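Chain and residue survey
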Amino acid sequence: MSKRKEKASKQQDPVTRSDMLSNGFHGYKEGYEKLEKIGVTQHNRDFFNKIFVPVFLMVSTPNFVMLLWYTATKHKGSYGNMVHSITQASTLDSLRELWGDVHICSNFALSVVFGYCIWALLLMKCLPGKLVKGPITPKGNTPVYKDNGFSHYVVTMTTLFILTVILKKYNLSPSVVYDNFGDILGTLNVLSAIFCIFLYIKGLYSPSSTDCGSSGNIIFDYYWGTELYPRVLGFDIKVFTNCRFGMTIWAVLVYIYALKSFELHGFVDSMIVSAILQLAYITKFFWWEAGYLSTIDIMVDRAGYYICWGCLVYVPSLYASVSLYLVNNPVYLGRFWSTFILTCGLLSISVNYFADWQKQRVRSADGDCLIWGKKPNIIRAKYTLEDGQEKESILLTSGWWGLSRHFHYIPEILLALFWTLPAGFENFMPFSYVIFLTILLTHRSFRDDDKCSSKYGPFWMDYCERVPHRIVPYLF
Ligand SMILES: NC(=O)C1=CN([C@@H]2O[C@H](COP(=O)(O)OP(=O)(O)OC[C@H]3O[C@@H](n4cnc5c(N)ncnc54)[C@H](OP(=O)(O)O)[C@@H]3O)[C@@H](O)[C@H]2O)C=CC1
Ligand SMILES: CC(C)CCC[C@@H](C)[C@H]1CC[C@H]2C3=CC=C4C[C@@H](O)CC[C@]4(C)[C@H]3CC[C@]12C
């Protein structure tokens, strides 16, 4: 191996055999051998990745989302006060205090959750949209989707606005969702966990495609899922949970929290600045929804607790938490800071959008396009599917993708920071999302590099050699 190649291989992270299998692509095994050399056994790794982490997350995250809501609504967004209050009692009593006031499956909560699901499913079926092909899966399947996410989003948000105007005439308001959000969140938590049991069984006994199977470990299968893209009655489950539920409910909640804040305090600039940035980001997401269907969430992550519960419960609670916090903690920014934060936030959204766009553009034009006004630098990377078929794909090594391998995560994190800054520094709670996101994206950059190195082998090493930094140019 040449010196340059050797150096690049050192920048690779270890790839476990099970990672390679779950990615489903043949290829690069050097990282795995490295792991064996330093004596980490397969058994220890399996226990940590397949039992400890899933159990830890499945126990902590449902409580964490309830705590977040509880802190924002009952302790004015102060983790300190919340911890003080719950540490007065035993763990069991604390859990009781946390869940005790919540009416799981109350009539109101059930009507809101099921009412919205029926609405979203109807729109998914009825709104027109071009059929788009997802990327080919490791088993050689090509899922087809109806690209009507943007119209679903516009119709839903417009209807919500019209509903607000109509309800006002009767002295009612959609902000009743904020008043009962504890019940709704508790209900969502429980229903989503049951839904994941359904997905687990469906993947084992009635899978929708050959991209399915069990790892032999029930805990891991429930957490990770047993199917890559399950379909029920013609509905794609991951498109529903990730886009039509998680991302849309996030937007709906941002709107409802802003409305509640207006009803309580009149116009509060921090709430509006944060809401504009979040809604602009979500609008960008739906505009690019077909692109999202080629990300690792769809290509690699199966429909289990991680993705489905995550999108049904974690996204609505954690992702919208800055707005939830601002309802009880209005901050007045003034014109200068409002304009400054808005401008920086919108700039971050455009950089993030154009990075995703460059990657898609260069592939759809087969490299025959301009990136930053120049002919793009590309690698024509070959890879092999599980059935042995040879395929080729393009890796862009210029534009945003020439600065670092995941440069687009920087504007993603900065943007989250910009919609959090309006909440000020009095409490730590509003920073929960941006901290989670930084950890998630750092971990994701490792996962993605693992996935790409096992998929593309030497071609990915070549990319790492040309673009040596993972996220932050010259640093990391
Ligand atoms: N707010 C949140 O919670 C999160 C937001 N995001 C955002 O979602 C968007 C998509 O996420 P992202 O992680 O990028 O999605 P992906 O993880 O799917 O993107 C990485 C994939 O792109 C392909 N790829 C990698 N490098 C190149 C390259 N140089 N040229 C061409 N293709 C390449 C590879 O797929 P292939 O197999 O096709 O080669 C790789 O697996 C981003 O805007 C990100 O910021 C992401 C995660 C969390
Ligand atoms: C249960 C958990 C501890 C963690 C659950 C994590 C998931 C909810 C999130 C993992 C990856 C996230 C996303 C990836 C890419 C996205 C595109 C972006 O433009 C919008 C956000 C998102 C859809 C985002 C949503 C949450 C995750 C699926």
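Residues numbered from 1 in each chain as written. Chains lettered and ligands numbered in written order. Predicted model: local features only at pLDDT ≥ 70, side-chain atom pairs only at ≥ 80, totals over all residues.

**Here we look at the site of ligand 1**
The environment of ligand 1 is formed by 22 residues, the closest being Thr295, Ile296, Leu396, Trp401 and Glu412. Those elements that provide at least two residues to the shell around ligand 1 are helix H18 (334–364), strand E6 (390–396), helix H20 (409–420) and helix H21 (432–456). Its residues assigned to classes, the shell around ligand 1 comprises 10 nonpolar, five polar and seven charged. Each of domain 1 (1–11 + 335–476) and domain 2 (106–332) contributes no fewer than three residues to the shell around ligand 1. (Near = placed C-beta within 6 Å. Helix = DSSP H or I, 4+ residues; strand = E, 2+ residues; numbered from the N terminus. Nonpolar A, V, L, I, M, F, W, Y, C, P; charged D, E, K, R; others polar. Domains from an automatic or database assignment.)

**Topic: the UniProt feature "transmembrane region" (unreviewed entry) in the chain**
The positions UniProt marks with the feature "transmembrane region" (unreviewed entry) are residues 51–72, 108–128, 149–168, 180–201, 239–258, 303–326 and 332–355. Across residues 149–168 one finds 100% helix and 0% strand; the C-alpha atoms that close the span lie 29 Å apart. Annotated as 88% helix and 0% strand, the span residues 303–326 places its first and last C-alpha atoms 33 Å apart. (UniProt positions renumbered as here; feature names shortened; annotations may be inferred.)

**A few points about the packing of helix H4 (residues 42–74) against helix H17 (residues 321–328)**
For any two helices packed against each other, one specifies the inter-axial angle together with the distance between the axes. Two elements in contact, H4 and H17, have axes whose closest approach is 8 Å; the angle formed by their N-to-C orientations is 20°. Between H4 and H17, the angle falls in the class roughly parallel. Residue-level contacts link Leu68, Ala72 and Thr73 of H4 to Ser321, Leu324, Tyr325 and Asn328 of H17. In terms of residue class, the contact of H4 with H17 is made up of four nonpolar, three polar and no charged. (Axes fitted to C-alpha atoms, helices over the stretch in contact; angles between N-to-C directions. Parallel < 35°, antiparallel > 145°, perpendicular 65-115°, else oblique. Contact = placed C-beta atoms within 7 Å.)

**Description of H20**
If you check H20, its first and last C-alpha atoms are 17 Å apart, about what 12 residues at 1.5 Å a residue would give, namely 16 Å. Taken together, the buried positions of H20 are occupied by Tyr409, Ile410, Pro411, Glu412, Leu415, Ala416, Phe418, Trp419 and Thr420. (Expected span 1.5 Å × (residues − 1). Buried ≥ 20, exposed ≤ 12 C-beta atoms within 10 Å, placed from the backbone.)

**Quick look at the site of ligand 2**
The local shell around ligand 2 holds 15 residues, among which Leu57, Thr61, Phe285, Gly310 and Tyr314 are the closest. Listing elements by their share of the shell around ligand 2, those giving two or more residues are H4, helix H12 (237–265) and helix H16 (305–319). If you tally residues by element for the shell around ligand 2, the top one is H16, at seven residues. Looking at side-chain class alone, the shell around ligand 2 contains 10 nonpolar, four polar and one charged residues.

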